[in-house]
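Inside the fold
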Amino acid sequence: MSDFDTTVRLCYLAAAAAFVLGLHLMNSPARARRGNQLSAAGMTLAIAVTIAFIAHAGTITNAGWTVLILGTLVGTGAGLYGARVVQMTDMPQLVSIFNAVGGGGAALVALAEFVRAHHFHGELNTRATVATVLDVAIGAVTFTGSLIAAGKLQGKITGSPVVFPAQKLLNAFIAAGVGVCGGYLIWGDHASTPALVVVLVLGLVFGVTMVMPIGGADMPVVISLLNAFTGTAVAMAGFVIDNSVLIIAGALVGASGSILTKLMADAMNRSIRAIIVGGFGTGDAAAPAAAGGGSVRAIEVDDVALQLAYANKVIFVPGYGLAVAQAQHEMAALGKLLEDRGVDVSYAIHPVAGRMPGHMNVLLAEANVPYPLLKEMEEINPEFARADVALVVGANDVVNPAARRNDSVIAGMPILDVDHAKSVVVMKRSMASGYAGIDNELFTDPKTGMFFADAKAGLAELVVAVKTLVAS
């Protein structure tokens, strides 16, 4: 091994270490920016070393250099533009687009390498063929699936589940088709381009049929799953072109995305199998108003303002409805107003509170809510018993006490112990059920008041009402 090759490997090792440390720093909102910067530095080093390696090998033509430079300039420009203009509320859509680009790019790398190897060497070996099939299939699913997810989040495609007859049968047929064509490539004709094209087309179709039946409220799990797919596709691309840093980066993204998907699925009481099969999202439909014949107590804005203004401890519980309404600034303004009065304010964050993993933390941080006030479920649950008021905004199943009963369809689902607070106020537009399609027992609790309003408008009304009450 030459000194140059040794230097390249050491640089790749340094880049990989930067990825791991950056991922670790992202565990905390306060350190996430540094983690992102460290990971970006590692990727910059990896790209620079790869370009140097290509130049040293002398295997690229002038036309190839032109394409490489233009691609770098276009990609960098698009990234800078997106980073500056995309609002925090649109971050889930941007992440979905990133997933699509990553998965689609990885699939194209495998296709290009397949064609190149077939042209120069006649066929790929079995190891490379397996990686190619997996890369193309997973990358294609990620590409179309992520585009559909972005469309649903952006409102360009209906957020309601789109279910059609024989949907699961079609998905099974597609999976079988990928298996047959992939098997033919691996154990039959390694150089069969038509078979690989069929794998590509079937993967593209499956991405659509998998995500279309999923409702908007279930997008957090879908995004984390597609993120895991992106990492896996990138890792497979690394095996195809024998690039170690690509393998490591893809494996890290795939592993972290898979772990996050499992955590998110548990938090929504879903199985991974149900997510992959599709069609599980039905949380956009309405359901009967009261569980077990209980009554609902509606309250007005002045009643809520009175409770909040004279409380000692208030816990805000933001949910999916707040993220959809983009009401984080109004919630932050209400929290700041109460803090100025000496009220102990904190924010309870459920793992699936926003439109994607960590989305609620980002939204509230962007609204200048201090990091220490953002409490994860395990940390905040013991505090509810000491809270005078728990204000639930746009959350449903994640605060349903029915999850504690073994006979409930959401039995075992981790929830926020909102019902332990002395008084509970739930802000919702209607009595529509959550994704589980069942009534929320919290709504009929005698100490719960239902404040029917849009999250953004309702919180703005509360700010005015509290100010008026304090001034009088």
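Residues numbered from 1 in each chain as written. Predicted model: local features only at pLDDT ≥ 70, side-chain atom pairs only at ≥ 80, totals over all residues. Heavy atoms only, no water.

This paragraph deals with the overall build of the protein. When helices and strands are counted, the protein shows 16 helices and six strands. The C-alpha atoms of the protein give 25 Å as radius of gyration, which agrees with the globular expectation for 472 residues (23 Å, within 12%). Summarising its shape, the C-alpha atoms of the protein cover approximately 80 × 50 × 35 Å along the three principal directions. Taken over 472 residues, the protein has a buried fraction of 48%. In the form shown here, the protein has an accessible surface area of approximately 21,500 Å², with 65% of it arising from carbon and sulfur atoms. Looking at the protein, you have 28 positive and 33 negative side-chain charges, and the mean spots of the two groups are 2 Å apart. (Helix = DSSP H or I, 4+ residues; strand = E, 2+ residues; numbered from the N terminus. Rg over C-alpha atoms; globule rule 2.2 N^0.38 Å. Buried < 20%, exposed > 50% of the residue type's maximum accessible area, 1.4 Å probe, protein only. Areas by Shrake-Rupley, 256 points an atom, 1.4 Å probe, with all protein chains shown as cover. Lys, Arg positive; Asp, Glu negative; His and termini not counted. Charge placed at Lys NZ, Arg CZ, Asp CG, Glu CD.)

A low pLDDT score tells you not to read the predicted coordinates there in detail. In this model, the protein carries a mean pLDDT of 85, and residues with pLDDT of at least 70 account for 92%. Per-element mean pLDDT across the protein ranges from 65 in helix α10 (residues 272-277) up to 96 in strand β1 (residues 313-318). (pLDDT = per-residue confidence, 0-100.)

Right, let's talk about unusual backbone geometry for a bit. With glycine set apart, most residues show a phi of negative sign, and most peptide bonds adopt trans. In the Ramachandran plot, Asp 242 falls in the positive-phi region, its phi being about 60 degrees despite a non-glycine side chain. Along the chain, Asp 242 falls in the loop between α8 (219-241) and α9 (244-267). Of note in the backbone geometry, Asn 368 takes a positive phi value of approximately 70 degrees without being a glycine. Here Asn 368 lies in the loop between α14 (359-366) and β3 (374-376).

Below, the discussion takes up the side chain of Ser 224. Tracing the sequence through the fold places Ser 224 in helix α8. Polar contacts involving the side chain of Ser 224 include one to the main-chain carbonyl oxygen of Val 221, which spans 2.9 Å. The contacts of Ser 224, once residues within four sequence positions are left out, are Gly 257, Leu 260, Thr 261, Met 264 and Pro 357. (Polar contact = N/O pair within 3.5 Å; in protein donor to acceptor, adjacent residues only side chain to side chain. Contact = heavy atoms within 4.5 Å.)

The subject of this paragraph is the nonpolar core. Ranked by size, the top nonpolar core spans 43 residues in total, and within it Leu 334, Tyr 347, Leu 459 and Leu 462 carry the most contacts. With six residues, helix α16 (residues 455-471) is the largest single contributor of residues to this core. Not counting residues within four places of it along the chain, the set of residues in contact with Leu 459 comprises Leu 322, Ala 327, Glu 330, Met 331, Leu 334, Leu 391, Val 393, Met 427 and Asp 454. (Core = buried A, V, L, I, M, F, W, Y, C linked by side-chain atoms within 4.5 Å.)

Taken together, the side chains of Met 43, Ile 47, Ile 51 and Leu 68 make up a nonpolar region of the molecular surface, amounting to roughly 290 Å² of accessible area. Counting residues per element, the nonpolar patch draws most heavily on helix α2 (residues 32-57), which supplies three residues. By the secondary structure assignment, Ile 51 is in helix α2. Among the residues examined, Ile 51 registers a relative accessible area of 31% and is labelled partly exposed. (Patch = residues over 30% accessible without salt bridge, like charges linked within 9 Å, V, L, I, M, F, W, Y side chains within 5 Å. Salt bridge = Lys/Arg side-chain N within 4 Å of Asp/Glu carboxyl O.)

What follows deals with the environment of Ala 309. The topology assignment puts Ala 309 in helix α11 (residues 301-309). Residue classification places Ala 309 among the buried residues on the basis of a relative accessible area of 4%. Taking C-alpha positions, Ala 309 is 7.7 Å from Arg 341, a pair spaced 32 residues apart along the chain. With near-sequence residues (within four places) excluded, Ala 309 lies in contact with Leu 338, Arg 341, Val 343, Val 466 and Leu 469.

Quick look at α16 now. The end-to-end C-alpha distance of α16 is 24 Å, a good match for the 24 Å that 17 residues give at a rise of 1.5 Å each. Buried within α16 are the following residues: Ala 455, Gly 458, Leu 459, Leu 462, Val 463, Ala 465 and Val 466. Buried-residue contacts for α16 involve α11, α12 (320-325), α13 (328-340), β4 (389-393), β5 (423-428) and β6 (448-452). You can read the cap of α16 off the contacts: a side-chain oxygen lies 3.1 Å from the backbone nitrogen of Lys 456, and it is on Asp 454. (Expected span 1.5 Å × (residues − 1).)

With that settled, the discussion passes to the pattern of salt bridges. Any two side chains of opposite charge can pair, on the condition that their charged atoms come close. Scanning the entire structure with this criterion turns up 10 salt bridges. Beyond isolated ion pairs, a larger network of salt bridges with shared partners links Lys 313, Asp 344 and Glu 383.

It is worth spelling out the side chain of Ser 146 at this point. With respect to the element layout, Ser 146 can be found in helix α5 (residues 126-154). Looking at Ser 146, the relative accessible area reads 0%, which means it is buried. Among the polar contacts listed, one links the side chain of Ser 146 to the backbone oxygen of Thr 142, at a separation of 2.7 Å. With residues near it in sequence (within four places) discarded, Ser 146 still touches Ser 96, Asn 99, Ala 100, Val 141 and Leu 226.

With that out of the way, let us pick up the sheet that holds β4. Backbone-to-backbone hydrogen bonds pair the strands of a sheet. The strands run either parallel or antiparallel. Judged by pairing direction, the sheet is parallel, and its six strands sit side by side in the order β3-β2-β1-β4-β5-β6 without closing on themselves. Sheet topology places β3 and β6 at the edges, where each strand pairs with a single neighbour. Across the sheet, the mean angle separating the axes of adjacent strands is 25 degrees when strand polarity is ignored. Bridge count between β1 and strand β2 (residues 344-349): four bridges; the pairing is parallel. If you follow Phe 316 over to β2, its bridge partner there is Tyr 347. (Pairing = 2+ DSSP bridges. Axes fitted to C-alpha atoms, helices over the stretch in contact; angles between N-to-C directions.)

Before going further, it helps to examine helix α7 (residues 193-211). Helix length check: α7, at 19 residues, gives a terminal C-alpha distance of 28 Å against a target of 27 Å (1.5 Å per residue), a fit within 8%. Among the residues of α7, Ala 195, Leu 196, Val 199, Leu 202, Gly 203, Phe 206, Gly 207, Thr 209, Met 210 and Val 211 are the ones counted as buried.

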